Amino acid sequence: MSRSPRNRRSPAAPRKRSSSALQAGHLRVIATGGLGEIGRNMTVFEYDGKLLIVDCGVLFPEEHQPGVDVILPDWSCIRDRLDDVVAIVLTHGHEDHIGGVPYLLRERGDIPVISARLTLNFLAAKFEEFKVSTTLIEVEAGQTRQEGPFELEFIAVNHSIPDGLAIAIRTDAGLVLHTGDFKMDQFPLDGRITDLRSFARLGEEGLDLLLVDSTNAEVPGFMVSERDLVPAIEKVFRETSGRVIVSSFASHVHRIQQVLDAAHAQGRKVAFVGRSMVRNMKIATDLSYLDVPDGLVVDLPKLNRLPANKITLICTGSQGEPLAALSRMASGEHQIKVGDGDTVLMASSLIPGNENAIYRVINGLVDKGARVVHKGNAQVHVSGHASAGELVYCYNILEPANVLPVHGESRHLRANADLAIKTGVPRDRVLIAENGSVIDLFDGVAQITGSVPIELIYVDGSAVGGVTEDSLAERRLLANEGVLTVIAIVDPDTGLLVDDVDFIGRGFAHEANAFDSLAKTIGKTLTRESDVKVASRENIEKRIVQESARWAKQTLGRQPLIVPVVVDG
């Protein structure tokens with residue numbers, strides 16, 4: 001496909017540049033999260049000595065990351081330059097785009113945050129919980145704003161949450177568009193469509209770099225409209241004789257509006273379950289993003305006094321999160337007991353990595369007698385991300401000089417890159433980057449010029465970054481293999497045992513006298529050690545661990561974590 005150059009600058013020949021120092025007149029882009037994964041989205045733009053951050057979200061842990069609450073972007077590459085940050089701009093209010101902001105503000109508490117109304121209100125509620133605050137600057141689609149050397153234009157996009165924004169960033173180095181999460185639903189519930197006229201205007205101006213949502217780049221065609229889900233949702237309410245229990249993201253205002261409408265039409269009352277769900281739906285209602293008929297929503301105690309066919313519950317837990325309401329219902333640990341006649345409607349997407357946890361919840365609910373309706377067996381959810389047909393449409397409108405696919409796993413990024421190339425973007429102008437890649441834009445050419453180290457930053461309770469891959473490996477070992485504590489009372493001078501070795505085994509089955517042979521082995525080992533070298537606590541502990549690990553592997557076929565406890569006798 002040929003492209004007219006319009007008023008775009010002629011491309012310069014690619015050249016090598018240092019990634020350690022940004023040259024004058026260049027715009028730098030660094031993804032500190034969100035590439036090769038779906039979550040913890042954060043992109044840093046640098047120009048003329050100043051930094052602009054677009055989004056700062058979290059990634060939710062998978063099963064091989066036990067004990068982790070959330071995973072943050074790694075902004076260590078700019079930690080010593082936080083004073084240079086002019087603003088944080090948020091594209092929309094989903095956790096994978098805003099959840100990391102309070103953690104970042106703990107390091108510099110006065111960075112202004114810019115976004116649309118609903119996003120800022122969701123964020124303000126999080127600030128209360130984290131006891132942080134900063135200047136919140138509300139903008140609307142169509143507005144422009146100058147922040148340092150960055151001119152920002154905010155463009156309406158359609159997504160699965162109200163108030164989605166794409167961000168056009170102008171500097172003297174060129175024009176960049178970050179789409180955020182978007183799709184092209186032509187019949188959205190709130191009437192807010194993606195502003196393709198503004199996209200076309202940016203294309204006419206000459207778009208130097210496009211950062212574009214890749215989540216559904218492998219999905220052909222166009223996404224189904226949100227309105228097309230209404231018949232399937234209404235059918236669930238018509239055919240259920242008991243309670244309808246709906247699980248959804250706590251920020252999915254559009255889907256929850258559809259559920260409220262269906263419940264109201266069938267004469268049911270509704271209660272929200274789960275702290276984040278209650279909080280977010282109150283915000284959405286107060287700001288008129290959610291239309292709730294008078295008397296429809298009641299508190300849980302009042303709802304429980306109604307007959308089952310008049311009850312609708314809307315809760316969290318659509319991704320199988322172990323502490324969320326739906327997971328606890330599936331395991332029987334929640335005050336709400338699911339049973340025969342109930343229908344559970346899982347009205348959310350299946351995020352990659354959560355499959356096992358989600359199916360575990362589904363199976364638990366089915367075992368308790370509930371009927372479970374989900375995306376796999378009914379048309380009750382549609383993605384909030386543009387599919388291949390929509391992405392191609394945007395490429396042809398925008399005609400970007402350079403493309404950087406973002407927001408997706410490696411296969412999504414590659415599929416999106418292939419679409420860009422098919423529409424005529426030169427192959428060497430489509431950048432397949434990863435977290436930490438340094439991209440410099442100059443004279444109409446974007447290149448990967450280097451990289452910075454990016455790690456997974458784990459949040460475990462109140463600790464940020466304290467959990468390492470080694471400690472996660474230890475947790476997995478504890479979960480899979482158990483722990484063996486070996487208590488040895490020794491003479492501090494000779495290193496010899498002064499009493500029988502004691503053992504405490506946890507997490508694996510063993511006979512009462514299973515450790516007798518290990519006790520003899522440890523005694524002989526310490527005797528040999530005391531004959532050849534001066535006894536030291538460090539050496540005694542090391543030998544206990546070695547002998548115990550070897551014994552456990554040979555005798556039990558296990559590799560438990562060995563914890564030596566050496567006590568002076």
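Calculation criteria
- Residues numbered from 1 in each chain as written.
- Predicted model: local features only at pLDDT ≥ 70, side-chain atom pairs only at ≥ 80, totals over all residues.
- Heavy atoms only, no water.
- UniProt positions renumbered as here; feature names shortened; annotations may be inferred.
- Helix = DSSP H or I, 4+ residues; strand = E, 2+ residues; numbered from the N terminus.
- Buried < 20%, exposed > 50% of the residue type's maximum accessible area, 1.4 Å probe, protein only.
- Areas by Shrake-Rupley, 256 points an atom, 1.4 Å probe, with all protein chains shown as cover.
- Lys, Arg positive; Asp, Glu negative; His and termini not counted.
- Charge placed at Lys NZ, Arg CZ, Asp CG, Glu CD.
- Phe/Tyr/Trp six-rings, centres within 6.5 Å; stacked < 30°, edge-to-face > 60°.
- Pairing = 2+ DSSP bridges.
- Axes fitted to C-alpha atoms, helices over the stretch in contact; angles between N-to-C directions.
- Contact = heavy atoms within 4.5 Å.

Going by what an unreviewed UniProt entry lists, the chain is known as Ribonuclease J and is assigned to Rhodococcus ruber. Under Function (unreviewed entry), UniProt gives the following word-for-word description of the chain: "An RNase that has 5'-3' exonuclease and possibly endonuclease activity. Involved in maturation of rRNA and in some organisms also mRNA maturation and/or decay."

Peer 1: For the overall build of the chain, give the residues involved together with the corresponding values.
Peer 2: When helices and strands are counted, the chain shows 15 helices and 25 strands. Dimensions of the chain, computed from C-alpha atoms along their principal axes, come out at roughly 85 × 70 × 45 Å. Across the 569 residues of the chain, 55% fall into the buried class. Working note: accessible area of the chain is about 24,300 Å², and carbon and sulfur atoms make up 49% of it. Both charge centroids of the chain, one from 60 positive and one from 75 negative side chains, sit 3 Å from each other.

Peer 1: Quick rundown of the packing of aromatic side chains? Include the residues and the values.
Peer 2: This structure, assessed with the given rule, holds four aromatic pairs. Consider the rings of Tyr 103 and Phe 130, whose centres lie 5.0 Å apart with planes at 75 degrees: the pair is edge-to-face. Of this pair, Tyr 103 sits in helix H2 (residues 101-105) while Phe 130 sits in helix H3 (residues 117-130); the two residues are 27 residues apart in sequence, bridging distant segments of the chain. As far as burial versus exposure is concerned, Tyr 103 and Phe 130 are alike and both buried. Grouped by ring-pair contacts, the aromatic residues Phe 503, Phe 515 and Trp 551 constitute a single cluster.

Peer 1: Please give an account of the sheet that holds strand S23 (residues 483-490) that cites residues and values.
Peer 2: Taken together, the three strands give an open sheet; going across it, the order is S24-S23-S25, and neighbouring strands pair in mixed fashion. Only two strands of the sheet have a single neighbouring strand rather than two, namely strand S24 (502-506) and strand S25 (561-568). Neighbour-to-neighbour, the strand axes of the sheet open up by a mean angle of 15 degrees, direction not taken into account. Alignment of S23 against S24, held across five bridges, turns out to be antiparallel. What sits directly across from Val 486, in S24, is Phe 503. Sheet strands touched by helix H15 (residues 537-555): S23 and S25. Its angle to S25, the strand with the most contacts, is close to 140 degrees.

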